[in-house]
Structures are given as structure tokens and as C-alpha cells.
Amino acid sequence: MSVLVYINSNGEKIAKNAFEAVTYSKKIGDVTVVTNGKADDSMLAQLGKYGASKVLVDRSFEGIDEQQITRLVATAAENVGAETIVFSNDLIGKAVAPRLSVKLSAGLVAGATGVPQEDGTIPVNVFSGKAHGFVKVNTDKKIIALLPNSIQPEETGADAAVEEFNGNAGDSRVTVKETKLPEGDIPLPEAELVVSGGRGLKGPENWNLITDLATELGAATACSRPVADSDWRPHHEHVGQTGVAIRPNLYIAAGISGAIQHLAGVNGSKTIVVINTDDEAPFFKAADYGVVGDAFEVLPKLTEAVKKFKASN
Amino acid sequence: MKILVCISKAPDTTTKISFTDGDTKFDESGVKYIVNPYDEWYALVRGLELKEAHGGSVTTVTVGTAEDDATIRKALAIGADDATRINVKPEDASQVAAEIAAYAKEGAYDLVLLGKETIDYNGSQVGGMIAEHLDMPFISLAEKLDVDGTTATLDKEITGGVQTVEAELPLVVSCAKGMAEQRIPNMRGIMAARKKPLNVVEPTNAAKQTSFVKYALPAPKSAVKLIDPNNMDELVELLHNEAKVI
Ligand SMILES: Cc1cc2nc3c(=O)[nH]c(=O)nc-3n(C[C@H](O)[C@H](O)[C@H](O)COP(=O)(O)OP(=O)(O)OC[C@H]3O[C@@H](n4cnc5c(N)ncnc54)[C@H](O)[C@@H]3O)c2cc1C
């Protein structure tokens with residue numbers, strides 16, 4: 001089966017979720033990648049290691065305009081006769097995949113967490129991670145948008161051939177005025193390690209406890225909703241049912257009670273560590289490792305222990 | 001300015017999720033429904049603020065059955081002028097988007113606003129689909145939206161940051177946190193909502209491109225391993241050797 005994957009290659013390097021999408025697609029069929037932007041050929045050729053046999057690159061436009069990308073992917077899908085089209089369900093995938101679904105009359109499975117099952121259904125998270133659903137696509141063509149961090153990239157092959165491609169992307173109707181990318185921050189939705197703080201940290205002046213540990217680990221930082229609502233931390237750090245849903249390998253929660261709405265956004269994490277003074281805090285029921293103690297004492301000790309571990313490894 | 005706000009209901013956030021009919025249906029017994037928070041807190045309230053600033057109207061549209069009327073009345077109580085319900089059970093994003101697009105086509109709206117996702121199916125699909133049906137630009141995950149004449153300026157979330165963009169109306173915008181502050185309906189709003197028009201229209205019976213065939217609950221977590229707060233070396237060791245995450 002012919003599978004087409006769209007990846008974004010506008011950045012300095014190709015993001016991990018692109019390798020995930022290619023690895024995923026390789027499990028379904030023969031993979032062609034389509035991309036736009038300025039990434040050089042040697043960078044794109046790497047996608048072959050994860051299973052792409054060919055990379056089509058349209059250098060006529062950069063950026064993330066969802067109408068241009070929709071037209072590019074539609075042209076490429078026609079060109080390679082793709083039956084399945086795969087995106088990462090990141091912010092670009094969320095904007096493009098639904099448009100493409102209408103354009104191609106192809107059923108969309110958004111937020112897939114695994115490969116198609118024996119019965120052809122595709123698993124997704126529903127109810128903000130409180131359950132799984134299995135989706136059947138009723139159209140011939142399908143589009144799958146894969147939830148980031150759902151599978152590990154696997155290197156299996158050699159470099160892929162890179163070909164210039166004209167995707168008839170057309171013009172953008174949206175003008176970009178300014179792009180703000182805070183330096184050094186690790187984007188939360190893609191982070192593998194996350195350190196998060198709640199109201200138990202008492203105030204923004206204590207956040208160095210969280211950021212010190214995050215820096216030591218190379219982790220992103222997050223927070224509970226009241227923390228963002230009180231402007232102790234920026235809105236984009238708010239995780240949970242009404243914030244960002246994340247599924248890192250490690251989620252460390254300090255001074256967070258573990259309300260059901262908070263858990264909904266983090267319960268896909270592989271390993272959860274909870275630090276809380278209250279041994280009855282509901283979060284302990286969702287945790288793998290728990291520390292009953294004062295975050296003001298435990299966090300610096302943990303930061304020290306990580307430092308020691310990093311020095312000796 | 002004519003503004004259309006898509007409103008959907010969603011189970012209250014404290015709902016314990018379970019399934020019936022051999023795990024093929026969401027168990028709705030005892031479930032309390034609310035207006036999907038993203039639709040209510042951000043899309044609807046920002047729509048009302050724009051109307052207050054520039055004049056015009058705010059209409060809500062919902063794909064649903066009579067069971068949804070209470071949710072729709074809440075949106076009217078918060079301040080929408082009138083509401084439309086497209087009378088069919090929503091079962092799939094492609095169906096919902098096609099129905100709303102068919103309705104919106106008739107209305108020549110300047111803005112179609114909706115929440116960034118629903119908190120039950122979390123698909124984030126409907127906005128982009130409507131935009132493609134209507135051939136309008138789609139600004140996803142907008143945190144800020146201002147309109148000057150026929151030009152909209154928006155801040156949207158992008159990977160690792162925020163982008164400020166400009167586009168001509170009409171537009172479809174999915175609304176995220178930052179867009180507005182929640183409004184609690186007052187008594188007057190609730191009384192007025194009873195008299196506001198809730199128009200019921202028949203669906204076009206758009207096809208469903210996907211179906212949910214079964215559900216499962218996540219495997220229960222094994223019991224938490226408690227670590228001595230004075231022994232963080234042990235925690236690091238476990239994270240490295242047992243959990244293998246660092
Ligand atoms: C519709 C709706 C949607 C919501 N969506 C979200 C969402 O998306 N995300 C979200 O997070 N919340 C959400 N909430 C709010 C949620 O219900 C909780 O109120 C919130 O998560 C609590 O935040 P918290 O754990 O930081 O604070 P608290 O509940 O106040 O908990 C603080 C915790 O810190 C502990 N603590 C205190 N001092 C210390 C110390 N020195 N050391 C260690 N621990 C300490 C306490 O024992 C307590 O467990 C939502 C609520 C509603 C109604």
C-alpha cells in the first residue's frame with residue numbers, strides 16, 4: 001500500500017515527531033514523504049533511515065499556511081497514488097489534516113495512538129485521555145494524524161532519494177506579521193521529560209525549584225490550571241483537560257493535587273512521579289513513584305541527585 | 001459584523017467515563033452535560049466582545065437533538081442573539097462540519113468561531129473541515145483576535161511559540177485559552193434566553209466518513225512506589241534503571 005507522509009521541515013532540524021510519523025507509516029506500507037521549505041537534501045535524505053523510500057520537496061514556499069500545505073499534499077497524494085496519508089497530530093497537522101479530509105473525501109482519524117488493528121480500526125484517545133476509542137474509516141482513502149510520542153522512531157533503512165516537487169500550492173491568504181519563538185524553551189507538547197508545579201508551590205517566586213530541576217534534566221516545564229490562571233506561569237504551560245494534553249516519558253508533578261481535569265491531560269505519560277505533602281492527594285493513585293514530602297525540600301534534593309547522576313554517567 | 005459560533009455539548013469534566021452495549025457506546029446514564037468549555041469560554045465570549053465593540057450579531061449553531069436545547073439556552077443566556085440547531089445526532093466530525101458548512105453558506109458570516117477542540121472526542125477537526133467546505137482561511141488555536149474593518153489580526157499558537165497573522169474576513173477561527181475570560185450568565189440573561197429564537201433546521205444528511213466501533217478503558221495503574229523524601233538518589237536510580245526514562 002502506498003502511504004504519503006507530510007512533515008514540516010522549516011526548522012533548524014527535523015523534529016522527532018516527523019521521524020515518528022515516518023516510522024509509523026512504514027508499518028502500514030511503502031512510504032513517500034512530502035515536505036516544503038528550506039531543509040537541505042542531506043537532512044531530508046535521513047528520513048530514509050526511518051523507512052521513507054522517497055522524499056518530495058516543494059521549495060516554492062516556506063511556512064505553515066494550511067491552505068498551501070493542503071494543496072501540496074493533495075497534489076502529492078494524487079502523484080504517488082496514496083491510499084493512506086499520515087500527519088503528526090501537531091499544530092500543523094491539526095490545521096491541515098481536516099482540510100485535506102474534505103478536499104479528498106478521505107476519512108480522518110485524528111490523534112491516533114497506534115497502528116491499524118487486525119479489524120482495520122485505529123486506536124485514538126478519547127475523553128481527554130480517560131479512555132481509548134477504535135475508529136473505522138468508511139472511505140477508500142484515509143488520513144491518520146498520529147499523536148506525538150505514541151511510538152518510538154526506529155532506524156531501519158538507508159538514505160532516501162530526495163526529489164524536487166511542484167505541489168501547486170498556490171498563494172497564501174494569511175500574512176505572517178511576527179513569529180515569536182522563546183529561546184531555549186523546550187516546546188511542551190513534544191517534550192519527553194516534563195517538570196510541573198501546582199498551587200502547592202505557593203507563588204511564582206518559588207518557580208526556580210521547578211526550573212532548576214527542569215534545566216538539570218533537560219525537561220520542559222508545565223503547571224496546573226490555577227497556576228496559569230493566577231499568571232504565575234504562562235498560559236501555554238497549563239496542562240489538563242482544558243489546557244495542553246501531553247504524554248511525555250516522564251512527568252514530575254510537585255504540589256499538584258491531581259484533580260480529574262488535571263489527570264486527563266497527563267495520564268498518557270509513561271512514568272509519573274508525584275511530590276506532595278498530603279499522602280491522601282489523589283495524584284498518588286495515578287503515580288508510578290511517589291514522594292510524600294515538602295516540595296520545597298524534596299525538589300532541591302532531587303535536582304542535586306540528578307546532577308550527581310549526570311556527572312557520573 | 002455577522003458572527004457564527006459553533007457550540008457543542010460535552011460531558012461535565014468530572015464525569016466518570018464508562019461504556020455500555022459491549023463497550024460500543026458511551027454510557028450516558030447520569031452524565032451531566034455542559035457547553036464544551038472551549039466553545040463557551042473562548043469562542044462565544046470573544047464573539048460577543050467583538051459584537052459589543054463593532055456591532056452586528058452573534059448566532060450559535062449546534063448539530064444535535066432536542067437533548068441539546070439546555071446547552072444551547074445556556075449559550076443564549078451568556079448573550080448570543082439567536083441559535084440554530086441542526087436536527088441530527090452528531091456522530092462524526094465530517095458529518096458535523098458538512099452540516100454546519102451547509103448552514104453557514106446561506107448566512108454570509110464574517111467570522112465562524114469555535115473552540116479548539118471538544119473535551120470528549122478531542123478531535124480538533126471540525127474547524128478545518130468547515131473552512132475547506134467554505135473555502136475560507138482557517139486560523140487554528142488562536143489566542144487573540146481583533147478586527148479592524150474587514151481585516152482580522154490574530155495571535156495563534158505554533159510549535160514552541162506564537163505567531164501574529166493578518167487575514168481578510170471571512171475566516172474560520174478555532175479559539176484557545178487567552179482569547180477571552182469566561183462569563184457567568186446572570187438572572188436577566190437566563191430570563192432573556194427563554195425568549196430568544198432557537199431555530200431548528202433539518203439536516204442535509206451528510207455522510208459519516210468515520211465511526212467509533214468500540215471503546216476501552218486504560219489498564220489500571222499498579223500501586224505507587226513510595227520513596228523516602230531523604231533518598232532522592234534512589235528515585236533517580238529507579239528512573240534510570242527501572243522506568244528507563246532518564
Ligand atoms: C471545567 C474545569 C476544567 C478544568 N481544567 C483543568 C485543567 O485543564 N488542568 C488543571 O490542572 N486543572 C483544571 N481544572 C481545575 C482542577 O479541578 C483543580 O482545581 C486544579 O487542577 C488544582 O490545581 P493544583 O493541584 O495546583 O492546586 P490544589 O488543588 O490547590 O492542590 C495543591 C496541592 O499541593 C499540595 N501541597 C501544598 N503545599 C505543598 C508543599 N509544600 N509541597 C508539596 N505539596 C504541597 C497540596 O497537598 C495539594 O495537593 C479544571 C476545573 C474545571 C471545573
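Residues numbered from 1 in each chain as written. Chains lettered and ligands numbered in written order. Predicted model: local features only at pLDDT ≥ 70, side-chain atom pairs only at ≥ 80, totals over all residues. Heavy atoms only, no water.

Caption draft 1: Local environment of the UniProt feature "binding site: FAD" (unreviewed entry) in chain A. When the UniProt feature table is mapped to this numbering, "binding site: FAD" (unreviewed entry) covers Arg199(A), Ser224(A), Arg225(A), Gly255(A), Ile256(A), Ser257(A), Gly258(A), Ala259(A), Ile260(A), Gln261(A), His262(A) and Asn276(A). Here Ile260(A) lies in helix α7 (residues 260-266). Classification of Ile260(A) by relative accessible area gives partly exposed; the value is 30%. Those residues in contact with Ile260(A) that sit more than four places away from it in its chain are Lys130(A), Thr13(B), Thr14(B) and Thr15(B). Reaching out from His262(A), the side chain makes a polar contact with the side chain of Tyr251(A) at a distance of 2.9 Å. (UniProt positions renumbered as here; feature names shortened; annotations may be inferred. Helix = DSSP H or I, 4+ residues; strand = E, 2+ residues; numbered from the N terminus. Buried < 20%, exposed > 50% of the residue type's maximum accessible area, 1.4 Å probe, protein only. Contact = heavy atoms within 4.5 Å. Polar contact = N/O pair within 3.5 Å; in protein donor to acceptor, adjacent residues only side chain to side chain.)

Caption draft 2: Looking closely at the site of the ligand. Residue and element names in this part refer to chain A. Not every one of the 28 residues close to the ligand is listed here, only the nearest: Ser224, Thr242, Ser257, Gln261 and His262. At a separation of 2.7 Å, an oxygen atom of the ligand approaches a polar side-chain atom of His262. Elements supplying a minimum of two residues to the shell around the ligand: α6 (225-229), α7 and α8 (295-312). Its residues assigned to classes, the shell around the ligand comprises seven nonpolar, 16 polar and five charged. (Near = heavy atom within 4 Å. Nonpolar A, V, L, I, M, F, W, Y, C, P; charged D, E, K, R; others polar.)

Caption draft 3: Focus on the nonpolar core. Ranked by internal contacts, the top residues of the largest apolar core, which has 52 residues, are Leu4(A), Val73(A), Ile85(A) and Phe87(A). In this structure Ile85(A) touches Leu4(A), Val73(A), Ala77(A), Leu100(A), Leu104(A), Lys142(A), Ile143(A) and Ile144(A), once residues within four positions along its chain are discounted. Judged by nonpolar contacts, the second largest core, of 40 residues, contains Met1(B), Ile119(B), Ala142(B) and Ala167(B). (Core = buried A, V, L, I, M, F, W, Y, C linked by side-chain atoms within 4.5 Å.)

Caption draft 4: Fine view of the packing of aromatic side chains. Tallying each qualifying case throughout the model produces 13 aromatic pairs over all chains. Judged by centre distance (4.5 Å) and plane angle (35°), the ring pair of Phe127(A) and Phe26(B) falls under tilted. Of this pair, Phe127(A) sits in the loop between β6 (122-126) and β7 (131-137) while Phe26(B) sits in strand β4 (residues 25-26), on two different chains. Judged by relative accessible area, which is 3%, Phe127(A) ranks as buried. Ring centres of Tyr121(B) and Phe212(B) lie 4.9 Å apart, and the angle between their planes is 55°; this geometry places the pair in the tilted category. You can see Tyr121(B) sitting in the loop between β8 (111-115) and α4 (126-134) and its partner Phe212(B) sitting in strand β14 (residues 210-216), a full 91 residues away along the chain. On the basis of relative accessibility, which here comes to 26%, the residue Phe212(B) falls in the partly exposed class. The rings of Phe127(A), Phe19(B), Phe26(B), Tyr121(B), Phe212(B) and Tyr215(B) are connected pair by pair, giving a single aromatic cluster. Above the face of the Tyr109(B) ring, Lys2(B) is positioned so that its terminal group lies 4.8 Å from the ring centre. When the ring centre of Tyr33(B) is taken as reference, the NZ or CZ atom of Lys9(B) above it lies at 4.3 Å. (Phe/Tyr/Trp six-rings, centres within 6.5 Å; stacked < 30°, edge-to-face > 60°. Lys NZ or Arg CZ within 6 Å of the ring centre and 35° of its normal.)

Caption draft 5: Inspection of the sheet that holds strand β10 (residues 151-158) of chain B at higher detail. Read across the sheet, 10 strands follow the order β10(A)-β11(B)-β10(B)-β9(B)-β12(B)-β8(B)-β1(B)-β6(B)-β7(B)-β13(B) without closing on themselves; strand pairing throughout is mixed. A strand with exactly one partner marks an edge of an open sheet, and here the two such strands are β10 (174-180) of chain A together with β13 (198-201) of chain B. Averaged over all neighbouring strand pairs, the angle between strand axes comes to 30°, with direction disregarded. Relative to β8(B), strand β1 (residues 2-6) of chain B runs parallel, the two sharing three bridges. In the strand pairing of β8(B), Val5(B) is matched with Leu113(B). The strands touched by helix α2 (residues 69-78) of chain B are β6 (57-64), β7 (82-87) and β13 of chain B; relative to β7(B), the strand with the most contacts, the crossing angle is about 160°. (Pairing = 2+ DSSP bridges. Axes fitted to C-alpha atoms, helices over the stretch in contact; angles between N-to-C directions.)

Caption draft 6: View of the interface of chain B and chain A. Each partner contributes residues to the interface: chain B has 76 residues there, and chain A has 82 residues. Summing both sides of the interface, chain B and chain A together bury roughly 7,000 Å²; the carbon and sulfur share of this comes to 59%. Per-residue buried area on chain B facing chain A is highest for Lys177(B), Gln209(B) and Lys221(B); these three make up 10% of the total on that side. Residues Lys214(B) and Asp119(A) are paired through a salt bridge, measuring 3.1 Å at the closest nitrogen-oxygen approach. Our count for the contact surface shared by chain B and chain A stands at 39 residue pairs in polar contact (both at pLDDT 80 or more). Within the residue set of the side of chain B that touches chain A, elements represented by two or more residues are α1 (37-54), α4, β9 (138-148), β10, β11 (161-168), β14, β15 (225-226) and α6 (232-241) of chain B. (Buried area = accessible area lost by both parts, 1.4 Å probe. Salt bridge = Lys/Arg side-chain N within 4 Å of Asp/Glu carboxyl O.)

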